[in-house]
Amino acid sequence: MHRQISPDHHDAMATLCRVAGFRPVTTRWARSVTSQIAMVECGLGVTVVPAAAAAASHPAVRFRPLRHATATIELTAMTRSTPGALAERLTAIATQLTTAQAPPPHS
């Protein structure tokens, strides 16, 4: 994805490639992870996507975990301005989990 669409995703993927010792050659830009997967399904190359993308069924593609993946992408949970009890509980659980597993700050 282009950096203007998702700076965190773009930067994490660029760093991951650089650490692995190569610079990706971008021939097409996608506007979403779903578009990235669709491009691979059509035979337009390979891509790096978040692990969660592998949960969906895509019989025409193969997902392979990266062995030494260290890239992290900051996520944000979004709720309505007046969330219900379920959204409040989910937010509390997500906050608790991410606080407990937060990576060290970037230096």
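Residues numbered from 1 in each chain as written. Predicted model: local features only at pLDDT ≥ 70, side-chain atom pairs only at ≥ 80, totals over all residues. Heavy atoms only, no water.

Okay, the overall build of the chain next. Of regular secondary structure, the chain possesses 3 helices and 0 strands. From first element to last, N terminus to C terminus, the chain shows the α and β order α-α-α. When burial is assessed residue by residue, the chain has 12% of its 107 residues classed as buried. Of the roughly 9,100 Å² of accessible surface on the chain, 58% is carried by carbon and sulfur atoms. (Helix = DSSP H or I, 4+ residues; strand = E, 2+ residues; numbered from the N terminus. Buried < 20%, exposed > 50% of the residue type's maximum accessible area, 1.4 Å probe, protein only. Areas by Shrake-Rupley, 256 points an atom, 1.4 Å probe, with all protein chains shown as cover.)

The next subject is the environment of Val 33. One can find Val 33 in helix H2 (residues 33-41). Separated by 16 residues in sequence, Val 33 and Val 49 have C-alpha atoms that sit 6.5 Å apart. In this view, Val 33 contacts Met 1, Val 49, Pro 50 and Ala 53; residues no more than four positions away in its chain are not counted. (Contact = heavy atoms within 4.5 Å.)

The subject of this paragraph is the environment of Met 39. You can see Met 39 is positioned in helix H2. Taking the C-alpha atoms as reference, Met 39 lies 9.6 Å from Trp 29; in sequence the two are 10 residues apart.

Tallied over the entire structure, the rule returns 1 salt bridge. The partner of Arg 3 in a salt bridge is Asp 11, and the shortest N-O contact between them spans 2.7 Å. (Salt bridge = Lys/Arg side-chain N within 4 Å of Asp/Glu carboxyl O.)

A few words on the side chain of Gln 36. By secondary structure assignment, the location of Gln 36 is in helix H2. If we skip the residues at most four places from it in the chain, Gln 36 touches Met 1, His 9, Ala 30, Thr 47, Val 48 and Val 49.

Summing up the model confidence of the chain, the mean pLDDT is 79 and the portion of residues at 70 or higher is 82%. Of all secondary-structure elements in the chain, the lowest mean pLDDT belongs to helix H3 (residues 85-100), at 79, while H2 reaches the highest, 90. (pLDDT = per-residue confidence, 0-100.)

Further remarks concern helix H1 (residues 7-20). A turn of α-helix holds 3.6 residues, and therefore any two residues three or four places apart point the same way. Compared with an ideal rise of 1.5 Å per residue, which puts 14 residues at 20 Å, H1 spans 20 Å between its outermost C-alpha atoms and is within 8% of the ideal. The set of residues buried in H1 consists of His 9, Ala 12, Met 13, Leu 16 and Cys 17. Each buried residue of H1 sits inside an arc of 130° when the element is viewed along its axis, so together they form one side. Exposed side chains of H1 directed beyond 90 degrees from the buried face belong to Arg 18 and Val 19. (Expected span 1.5 Å × (residues − 1). Arc of directions from axis to C-beta.)

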